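Commentary on secondary and tertiary structure
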Amino acid sequence: MSVSKIVNYALYLYVLLYALIYYIFISYINFVHATISLMSISALLLPFILLLFFQRISWKYTNKHNKRKPKIRFIVISSLGFALLVFCVVMLGVNESESRFTTERWLNDVEGRVYLVDDLINEHELIGMTKDEVFALLGSPTETEY
């Protein structure tokens, strides 16, 4: 088996691994309601950079006379890989915007309050507020089972 075929098989294997990695990223982002941070962007970029690196190696070892097929493959794989990256970044951005505290959101989305708490604590100085100020910000207490 030639080096070219081995490199191409390795690339195809990494493309499958890449798809699995981004499936896991998408599931994780949905499950924990992750938001944009340096760590999340870095984690999303690393597999994409490796994908481009593997494609560069594959390009280097392909037939020098017939570059049309590898060029099309490069464009398709890069486009799909980039689309997955952008999709995950958009999901992080949506989660970020859904996590911004507003009184209206707090009052209307009882189930979604868990996502608003961090922003509430970071952006509003609750210590030192009067009871009326807290009620104005959060509304009257919600009846719960606990």
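The following refers to the structure shown. (Residues numbered from 1 in each chain as written. Predicted model: local features only at pLDDT ≥ 70, side-chain atom pairs only at ≥ 80, totals over all residues. Heavy atoms only, no water.)

1. Topic: unusual backbone geometry
The backbone of His33 sits at a positive phi, close to 55°, despite the residue not being glycine. By the secondary structure assignment, His33 is in the loop between α1 (3-32) and α2 (38-60). (Helix = DSSP H or I, 4+ residues; strand = E, 2+ residues; numbered from the N terminus.)

2. Looking at the pattern of salt bridges
Applying the stated criterion across every chain, the model contains two salt bridges. For Arg100, the salt bridge is made with Glu96, and the minimal N-O distance between the two is 2.9 Å. Of the residues examined, Glu96 reaches a relative accessible area of 22% and is grouped as partly exposed. Through salt bridges that share partners, Glu96, Arg100 and Asp119 make up one connected network. (Salt bridge = Lys/Arg side-chain N within 4 Å of Asp/Glu carboxyl O. Buried < 20%, exposed > 50% of the residue type's maximum accessible area, 1.4 Å probe, protein only.)

3. Here's the deal with the packing of aromatic side chains
The final tally for this structure, using the stated rule, is eight aromatic pairs. On the basis of an interplanar angle of 50° and a centroid distance of 4.8 Å, the ring pair of Tyr14 and Phe54 is categorised as tilted. One end of the pair, Tyr14, is in helix α1; the other, Phe54, is in helix α2, and 40 residues separate them in sequence. Here Tyr14 falls in the buried class, since its relative accessible area comes to 9%. (Phe/Tyr/Trp six-rings, centres within 6.5 Å; stacked < 30°, edge-to-face > 60°.)

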